[in-house]
Amino acid sequence: MLVAVCVCDCVRSSWQTDQAKAAQQQKLAESESAAAAAASSSNNKMSWGTELWDQYDNLSIHTNKGIEVLDKYANFLRDRVAIETEYAGKLRRLVKNYQPKKKEEEDNEFTSRQAFRNLLKEVGDLAGQREVVSETLQTQIIHGVTVLSKTLREDRKKCLTDGTMLQQTLNAQLSALERAKRNYDKAYRDSEKAVENYKKADMDLNLSRAEVERYKNIMTSKIQQSDDAKNEYANQLQKTNNLQQQHYGILLPAVFNRLQELDEKRTRGIREFIIGAADVESSVAPIIARCMEGIVKAGESINEKEDSLKVIERYQSGFTPPTDIPFEDLSKMDPSVAPQSNYSSVPYNHLTIKGGTLTAAKLKKARGGILNSIFGSNKQRQIIEACITMKNSLTADGQKEDFSDLPPNQQRKKLQAKIAELQHKVDQETNTRDGLMKMKIVYEANSSLGNPMTVEGQLNESEHELDKLKMSLKKYQGFLDKANQLQVANNSPQSNRNQLQNGHRTSRHSNGSASADDHHDADDQPDDAGSLSSSASPESGLGTSHTSLPGSGQGSANENPIGEETSYEAEVEMLQPLGTCRALYPFEATSEGSIPMSEGEELQVIENDQGDGWTRVRRANNTNGWDEGFVPTSYIECTLFA
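Anyway, here's the lowdown on the structure attached to this text.

Conventions we followed
- Residues numbered from 1 in each chain as written.
- Predicted model: local features only at pLDDT ≥ 70, side-chain atom pairs only at ≥ 80, totals over all residues.
- Heavy atoms only, no water.
- Core = buried A, V, L, I, M, F, W, Y, C linked by side-chain atoms within 4.5 Å.
- Buried < 20%, exposed > 50% of the residue type's maximum accessible area, 1.4 Å probe, protein only.
- Helix = DSSP H or I, 4+ residues; strand = E, 2+ residues; numbered from the N terminus.
- Contact = heavy atoms within 4.5 Å.
- Phe/Tyr/Trp six-rings, centres within 6.5 Å; stacked < 30°, edge-to-face > 60°.
- Lys NZ or Arg CZ within 6 Å of the ring centre and 35° of its normal.
- Pairing = 2+ DSSP bridges.
- Axes fitted to C-alpha atoms, helices over the stretch in contact; angles between N-to-C directions.

Examining the nonpolar core
- In this structure, Leu137, Val145, Phe256 and Leu259 are the most contacted members of the largest nonpolar core, which totals 31 residues.
- Elements that contribute at least two residues to this core include exactly helix H3 (56–97), helix H4 (111–203) and helix H5 (209–300).
- No other element matches the 12 residues that H5 contributes to this core.
- Contacts of Leu259, omitting those with residues within four sequence positions, involve Trp48, Thr63, Arg156, Cys159 and Leu160.

In structure tokens form, the structure reads like this:
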């Protein structure tokens with residue numbers, strides 16, 4: 001009977017255990033179906049939480065490497081900014097080092113110099129654009145990358161902390177389940193042993209009823225303990241499954257999805273920053289392209305022909321080349337007269353050197369050497385220097401006031417530039433005076449606006465300054481007129497032709513031409529005096545005036561005082577005609593020594609063309625008998641006598 005009761009209890013306990021197992025299996029099936037449904041619904045959207053639920057460590061490493069890539073890109077941008085800044089600074093220094101010096105400003109008229117100056121300007125603009133790129137990358141891109149990297153690191157750390165806590169919670173539940181299972185396993189084995197011991201005791205007839213009852217109580221206790229352990233294990237298993245399902249289905253995927261969002265944000269940020277850096281470069285590309293166009297335009301503006309003409313304009317002296325050296329037949333010369341070398345006579349000023357004219361200091365030194373070789377006493381030298389200084393005072397830059405120490409062409413250019421400068425100043429001062437006058441009229445009409453007497457002083461000062469400028473302008477206009485007249489005289493055919501007469505080279509003065517007799521007279525004088533009297537160029541400062549110096553041989557028997565001008569008359573015999581000519585074209589005489597002629601007019605040829613393009617002719621005149629002068633050889637048709 002007792003055995004039957006025990007068997008019934010065991011059966012009942014087994015049935016309860018089977019019911020618990022069935023309920024647990026049903027719950028597991030339901031959880032699996034729910035997980036499958038969640039998985040099927042998330043197939044449309046791949047996420048780290050569902051696809052990488054077991055890759056916690058790899059995701060942690062991956063996100064860390066991603067932020068390191070972002071930091072590396074930030075370092076790359078910093079290095080690039082440093083290079084851009086250094087490049088722009090070096091371009092600035094390069095432009096500064098190659099800027100034209102103040103002493104080179106006069107060369108800026110050449111197209112090559114202008115192009116180089118424009119090139120430097122464009123390179124300076126390029127440097128400015130590189131600075132813009134550097135500053136924009138620094139303030140926008142690098143700052144954005146730094147902020148993003150800091151934010152990502154903080155969010156990643158928080159996500160990993162949450163994931164660690166979730167994993168610790170799950171691990172704690174798994175540990176509790178493991179303990180419950182071990183307890184259940186031990187209790188079950190103990191109950192099985194107790195049942196076996198009870199069966200043995202019940203079959204043993206030697207044992208008393210009390211002993212059998214004790215085994216029965218032990219069996220019942222062990223079975224109860226086994227059931228309790230089983231229920232605890234079932235509860236812990238259910239809790240573990242629920243937590244694990246929530247852990248891998250909701251909690252941990254949420255953490256992984258946040259990590260995915262952070263990584264996508266980092267990736268998206270790198271993309272935007274790279275595009276942004278390219279946009280910064282592209283924003284200055286049009287300006288850089290215009291700089292390149294400016295450089296190309298500067299190169300295309302170089303004109304070699306124009307520069308060559310400007311070289312001519314700058315250095316052209318205006319003097320004529322020397323004529324042919326005449327042959328001196330010594331057998332026909334007076335043996336008592338020593339032969340004189342004519343080879344040192346050049347048509348250009350002897351103080352003109354390569355690259356321009358002598359400076360005022362060198363000119364003064366050269367004059368001093370000439371005067372020391374001619375005049376022995378300091379008193380005579382001081383008199384001559386005083387006369388030269390009185391005639392041509394020097395400007396602030398060391399040149400003469402009328403620029404007569406320059407070649408004729410350069411003198412005219414300097415005078416024209418000075419006149420333009422003075423005219424500009426006159427216009428400015430005139431505008432200033434007019435403005436002051438209007439202000440004075442307004443003040444006189446309405447005294448509340450101001451006191452007219454305060455403008456009176458400024459108006460008087462402006463009037464005085466305007467008078468000074470007008471006087472200077474008139475003076476330089478006179479210098480220019482004189483230089484133009486001198487140029488016309490020097491370029492006339494008569495002045496060119498008079499350089500060769502009767503087999504001797506002669507010099508032409510501004511008031512007439514020297515004859516061969518004058519030249520012979522000059523030969524009788526000492527060499528030093530002759531060299532002084534023959535220096536008739538503007539740079540010498542002596543030939544521009546017709547002052548006779550002691551021993552020069554150009555004055556009369558009685559020496560004239562310094563500063564007194566002497567005129568020379570050359571007596572020329574009437575030359576025999578060499579033939580006749582007929583004018584092919586009309587000609588208007590515009591220079592000294594030339595005569596006009598009409599088409600078809602018949603003239604006498606009295607001197608053939610000497611290679612200068614001019615022929616000396618003569619025609620009858622009703623007033624004084626004959627007109628003589630030069631006409632262009634290409635304008636006439638000559639018929640010479642046999």
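Observations regarding the packing of aromatic side chains
- For the coordinates displayed, the defined rule picks out nine aromatic pairs.
- The interplanar angle of 75 degrees and the centroid separation of 5.7 Å between the aromatic rings of Tyr585 and Tyr635 together place this pair among those described as edge-to-face. Separated by 50 residues along the polypeptide, Tyr585 in the loop between strand S7 (579–583) and strand S8 (602–607) and Tyr635 in the loop between strand S10 (625–632) and strand S11 (636–640) bring together distant segments of the chain.
- In this structure Tyr635 comes out as partly exposed when scored by relative accessible area, which is 29%.
- Ring geometry for Phe587 and Tyr635: centres 5.8 Å apart, planes at 80 degrees, overall edge-to-face. With Phe587 in the loop between S7 and S8 and Tyr635 in the loop between S10 and S11, this pair connects stretches of sequence that are 48 residues apart.
- Joined through ring pairs, the aromatic side chains of Tyr585, Phe587, Trp614 and Tyr635 make up one cluster.
- The ring of Tyr215 is capped by Arg214, whose NZ or CZ atom sits 4.8 Å from the centre of that ring.

Here we look at the sheet that holds S11
- The antiparallel open sheet is built from five strands, whose spatial order is S10-S9-S8-S7-S11. Looking at which strands have only one partner, the edges of the open sheet turn out to be S10 and S11. Mean inter-strand twist for the sheet, computed between neighbouring axes without regard to direction, equals 35 degrees.
- Two strands pair when backbone bridges link them, and strand S9 (residues 614–621) and S10 are joined in this way by eight bridges, in the antiparallel orientation.

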